[in-house]
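Here are the chains, one letter per residue:
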Amino acid sequence: MGTYNIAVIKGDGIGPDIVEQAVKVTKKIGERFGHKFNMTEALAGGAAIDAVGTALPKETVEVCKNSDAVLLGAVGGPKWDNLPGELRPERGALLGLRKELGLFANLRPAIMHRALSNASPIKHEIIGDSLDILAVRELTGGIYFGDKGYREGAYGREAYDVERYSPFEIDRIARIAFDAAMKRNKKVTSVDKANVLESSRLWRSRMEEIAKEYPEVELEHLYVDNAAMQLVRNPKQFDVIVTSNMFGDILSDEASQITGSIGMLPSASLGEGSFGLYEPIHGSAPDIAGMNIANPLATILSVSMMFKYSFGLVKEAKAVEDAVTRVLDKGIRTADIASDGAEYIGTDAMGDAVCAEI
Ligand code: NAD
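Residues numbered from 1 in each chain as written. Predicted model: local features only at pLDDT ≥ 70, side-chain atom pairs only at ≥ 80, totals over all residues. Heavy atoms only, no water.

## Some remarks on the pattern of salt bridges
Phase 1 of the analysis: One pass over the structure, following the stated rule, counts 28 salt bridges.
Phase 2 of the analysis: The residue K212 makes a salt bridge to E209 at a minimum N-O spacing of 3.2 Å.
Phase 3 of the analysis: Note that E357 and K330 form a salt bridge whose closest N and O atoms lie 2.4 Å from each other. Here K330 lies in the loop between α11 (314-329) and α12 (347-357) and E357 lies in helix α12, a separation of 27 residues in the sequence.
Phase 4 of the analysis: Overall, E357 belongs to the buried group, its relative accessible area being 16%.
Phase 5 of the analysis: Among the residues examined, K330 registers a relative accessible area of 57% and is labelled exposed.
Phase 6 of the analysis: Residues joined in a network through salt bridges with shared partners are K24, D348 and D352. (Salt bridge = Lys/Arg side-chain N within 4 Å of Asp/Glu carboxyl O. Helix = DSSP H or I, 4+ residues; strand = E, 2+ residues; numbered from the N terminus. Buried < 20%, exposed > 50% of the residue type's maximum accessible area, 1.4 Å probe, protein only.)

## A few points about the nonpolar core
Phase 1 of the analysis: Membership of the largest hydrophobic core comes to 67 residues, with the highest contact counts inside it found for L107 and F178.
Phase 2 of the analysis: If we skip the residues at most four places from it in the chain, F178 touches V188, M207, I210, A211, Y214, V217 and L219.
Phase 3 of the analysis: Grouped together as the second largest cluster of nonpolar side chains are 19 residues, A7, I9, A55 and L101 included. (Core = buried A, V, L, I, M, F, W, Y, C linked by side-chain atoms within 4.5 Å. Contact = heavy atoms within 4.5 Å.)

## Looking at the sheet that holds strand β8 (residues 187-192)
Phase 1 of the analysis: Here we have ten strands laid out as an open sheet, ordered β2-β1-β3-β12-β11-β4-β5-β10-β8-β9, and mixed in their pairing. Of all strands in the sheet, those with a lone pairing partner are β2 (36-41) and β9 (218-223), marking the two edges. Taken pair by pair, the neighbouring strands of this sheet meet at an average axis angle of 25°, ignoring direction.
Phase 2 of the analysis: By the bridge criterion, six bridges tie β8 to β9 in an arrangement that is parallel. When the sheet's bridge partners are listed, D192 is paired in β9 with Y223.
Phase 3 of the analysis: Against the sheet, helix α3 (residues 58-65) contacts β1 (3-11), β2 and β3 (69-74), and its axis sits at roughly 150° relative to β1.
Phase 4 of the analysis: Sitting on the sheet, helix α6 (residues 167-182) is in contact with β4 (105-112), β5 (131-138), β8, β9, β10 (240-243) and β11 (266-270), with an inclination near 165° to β5. (Pairing = 2+ DSSP bridges. Axes fitted to C-alpha atoms, helices over the stretch in contact; angles between N-to-C directions.)

## Quick notes on the side chain of S120
Phase 1 of the analysis: As for its placement among the helices and strands, S120 is situated in the loop between β4 and α5 (124-127).
Phase 2 of the analysis: Residue classification places S120 among the buried positions, given a relative accessible area of 9%.
Phase 3 of the analysis: For S120, the side chain forms a polar contact with the main-chain oxygen of I258, separated by 2.7 Å.
Phase 4 of the analysis: Apart from residues lying up to four places away in sequence, S120 is in contact with M112, I127, I258, T259 and G260. (Polar contact = N/O pair within 3.5 Å; in protein donor to acceptor, adjacent residues only side chain to side chain.)

## Here's the deal with the pairing of β8
Successive side chains on a regular strand alternate, one facing one side of the sheet and the next facing the other.
Phase 1 of the analysis: Counting buried residues in β8 gives six out of six residues, a clear majority hidden from the surface.
Phase 2 of the analysis: With burial as the criterion, each face of β8 is covered, one bearing K187, T189 and V191 and the other bearing V188, S190 and D192.
Phase 3 of the analysis: For the handedness criterion, the β-α-β arrangement of β8, helix α7 (residues 198-211) and β9 is classed as right-handed.
Phase 4 of the analysis: Pairing of β8 with β10 involves four bridges; the strand directions are parallel. By the bridge assignment for β10, V188 is matched with V240. (Right-handed = clockwise from strand over helix to strand, strands pointing away.)

## Focus: the site of the ligand
Phase 1 of the analysis: Taken together, 20 residues lie around the ligand, and V75, E90, G283, A285 and N295 are the ones closest in.
Phase 2 of the analysis: Note that an oxygen atom of the ligand is positioned 2.2 Å from one of the side-chain N or O atoms of E90.
Phase 3 of the analysis: Between E279 and the ligand, the recorded distance is 3.4 Å, taken from a side-chain N or O atom to a nitrogen atom.
Phase 4 of the analysis: When isolated, the ligand has an accessible area of 810 Å², and the protein chains bury 68% of it. (Near = heavy atom within 4 Å. Areas by Shrake-Rupley, 256 points an atom, 1.4 Å probe, with all protein chains shown as cover.)

## Observations concerning the packing of aromatic side chains
Phase 1 of the analysis: Inspection of every chain in the model, using the stated rule, returns seven aromatic pairs.
Phase 2 of the analysis: Taken together, a centroid distance of 4.4 Å and an interplanar angle of 25° make the contact between Y4 and F311 stacked. Here Y4 is found in strand β1, whereas its partner F311 is found in the loop between α10 (297-309) and α11, with 307 residues between them in sequence. Here the two residues Y4 and F311 agree in accessibility, since each one is buried. (Phe/Tyr/Trp six-rings, centres within 6.5 Å; stacked < 30°, edge-to-face > 60°.)

## Re the packing of α11 against α12
Phase 1 of the analysis: Between α11 and α12, the least distance of the axes is 8 Å, while the angle of their chain directions is 115°. The interaxial crossing formed by α11 with α12 has right-handed handedness. For the pair formed by α11 and α12, the contact residues are A323, V324, R326 and V327 on the first element and M350, A353, V354 and E357 on the second.
Phase 2 of the analysis: Across the contact of α11 with α12, the residue classes tally to six nonpolar, no polar and two charged. (Left-handed = near helix turned anticlockwise from the far one by under 90°. Nonpolar A, V, L, I, M, F, W, Y, C, P; charged D, E, K, R; others polar.)

## Overview of empty space enclosed by the protein
Phase 1 of the analysis: All chains considered together, the criterion is met by five cavities of 30 Å³ or more.
Phase 2 of the analysis: If you add up the space inside the largest cavity, you get close to 60 Å³.
Phase 3 of the analysis: Forming the boundary of the largest cavity are L72, L94, L97, R98, L103, S269, L277 and E279.
Phase 4 of the analysis: Broken down by secondary-structure element, the contributors of at least two residues to the lining of the largest cavity are α4 (89-100) and β12 (276-280).
Phase 5 of the analysis: Per-class residue counts for the lining of the largest cavity are five nonpolar, one polar and two charged.
Phase 6 of the analysis: Computed from the structure, the second largest cavity encloses a volume of approximately 50 Å³.
Phase 7 of the analysis: Elements with a minimum of two residues in the lining of the second largest cavity: β8 and α7.
Phase 8 of the analysis: Counting residues per element, the lining of the second largest cavity draws most heavily on α7, at three residues.
Phase 9 of the analysis: Classifying every residue of the lining of the second largest cavity by side-chain character gives four nonpolar, three polar and two charged. (1 Å grid on protein atoms, 1.4 Å probe; cavity = no way out; pocket = protein on both sides within 12 Å on 5 of 7 lines; lining within 4 Å. Points joined across faces, edges and corners; volume = space filled by probe spheres on them.)

Structure representation (structure tokens):
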């Protein structure tokens, strides 16, 4: 039995609809396993711009820092699209939270449930009945945060962005990947471009070094071009994929598309210690906001990741995952995952269906 503090940021669009279901599931787990989850709501994104004029109010950062974990819906929407870069909900709130909270590792499971295997764009003979890959992406280093600007080059004015990594940054993301692999199938695929990039050669050598701390885990290296190919040719060969910020940005999207269902996929962004931010990988889906048709399962599965990674509640995490699997096995669907012409239920009812299985 434990007490855990969770900052809850509903955000914009379908955010409030889906987070409400995830909160329901959290409370249900609390009842069943005897835990106390204190949930404090905070504003971010467009909702915060409307209320207080900034996408990430200081109070929100405070609430997050005083919590054990953050649950986030999604932010952004057409209403705020014309604001300049820094002031936009996605830039202001998401990048701001990553920076303020020191979230350096992004974990994205690409899980295809047996009951939804026909949604995959990959042939059944390749993908089979199920898939479970974990993409671990470095989130605060590399080319996205390196030195950038304009300068005079051989052909006149040119733009540049620098890819850079330190051993410290590589080692800590490596340990996240190896720790995760120890709880899974004990295989790590490190993706780089070591045939061309110096930063990748450092990446590869640090991965080799950290692997010595995990003798049970098999480490393999792939060049990023090959990794992109292997993901569609033979995705089942992967367990944990670990890679840099930019390669991870691209490969984690590719891996998630293989599963075919954007409304099903959770994510975790982790910092030092056990603190983390948990959110679905999809956006705020303004086209279906407030219509009670959004799929809440990605957010509900994000709660499961929160139990596992921030609270160490492995049984509780599994209870959520199993409940989702049972709901899908019973043929219960929201509109986005229903086959053509099949019956489906609303956001609310899906949250209730998962609670009923816990
Ligand atoms: P999106 O993920 O919001 O939507 C893409 C498509 O998938 C839409 O047709 C949408 O209806 C559908 N969809 C998404 N989630 C769904 C769910 N749970 N259930 C059913 N259908 C779902 O991507 P977009 O349309 O490119 O972006 C919309 C807004 O969200 C933009 O303002 C964008 O910047 C923002 N965004 C936010 C985040 C975030 O908060 N982490 C991530 C991506 C995009």
